[in-house]
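Structure at a glance
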Amino acid sequence: GVEAHTIVRDWLTSQHEIDGVSRGTITRDSTYKANEATTVDAVVSTIGFPLVGGPAGSMEAGRNVDVASALLSDLDVPYIVASPL
């Protein structure tokens, strides 16, 4: 399956990120779909797995925390995990 971070990385953006890219303070990954990205005010995860790593990556806690942190920092919008415990 597709890891959730690829959707956030390639298909989502925020006004904060758009402004940062324009100022040159934020650099987007080469896979970013600038003309197709959707501007969001928040990201809600209902998958129950880490943003980066998916179900297999969850076996090594913290393995991809830096990648997820960078993606969410650039967006600068609320990130909500809405999965039942």
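Quick note: structure is the one above.
In short, a report on the structure. Note that the coordinates shown come from a computational prediction; the quantities given were computed from them, not determined experimentally. (Residues numbered from 1 in each chain as written. Predicted model: local features only at pLDDT ≥ 70, side-chain atom pairs only at ≥ 80, totals over all residues. Heavy atoms only, no water.)

Some details on the side chain of Arg28
Positionally, Arg28 belongs in the loop between helix 2 (15–23) and strand 2 (38–39). Within the structure, Arg28 has its side chain in polar contact with the backbone oxygen of Leu12 (distance 3.5 Å). Among all residues touching Arg28, those that are not within four sequence positions of it are Val8, Arg9, Asp10, Leu12, Thr13, Glu17 and Val21. (Helix = DSSP H or I, 4+ residues; strand = E, 2+ residues; numbered from the N terminus. Polar contact = N/O pair within 3.5 Å; in protein donor to acceptor, adjacent residues only side chain to side chain. Contact = heavy atoms within 4.5 Å.)

A few points about the packing of aromatic side chains
Under the counting rule described, the total for this entry stands at zero aromatic pairs. Over the aromatic face of Tyr32 sits the side chain of Arg28, whose NZ or CZ is 3.7 Å from the ring centroid. (Phe/Tyr/Trp six-rings, centres within 6.5 Å; stacked < 30°, edge-to-face > 60°. Lys NZ or Arg CZ within 6 Å of the ring centre and 35° of its normal.)

Some details on the pattern of salt bridges
Enumeration according to the criterion identifies two salt bridges in this entry. Asp10 is the partner of Arg9 in a salt bridge, and the nearest nitrogen-oxygen pair spans 2.7 Å. Between Arg28 and Glu17 there is a salt bridge, with the nearest N and O atoms lying 2.6 Å from each other. Within this pair, whereas Arg28 is found in the loop between helix 2 and strand 2, its partner Glu17 is found in helix 2, the two being separated by eleven residues in sequence. A relative accessible area of 17% means that Arg28 is categorised as buried. With relative accessibility at 3%, the residue Glu17 sits in the buried group. (Salt bridge = Lys/Arg side-chain N within 4 Å of Asp/Glu carboxyl O. Buried < 20%, exposed > 50% of the residue type's maximum accessible area, 1.4 Å probe, protein only.)

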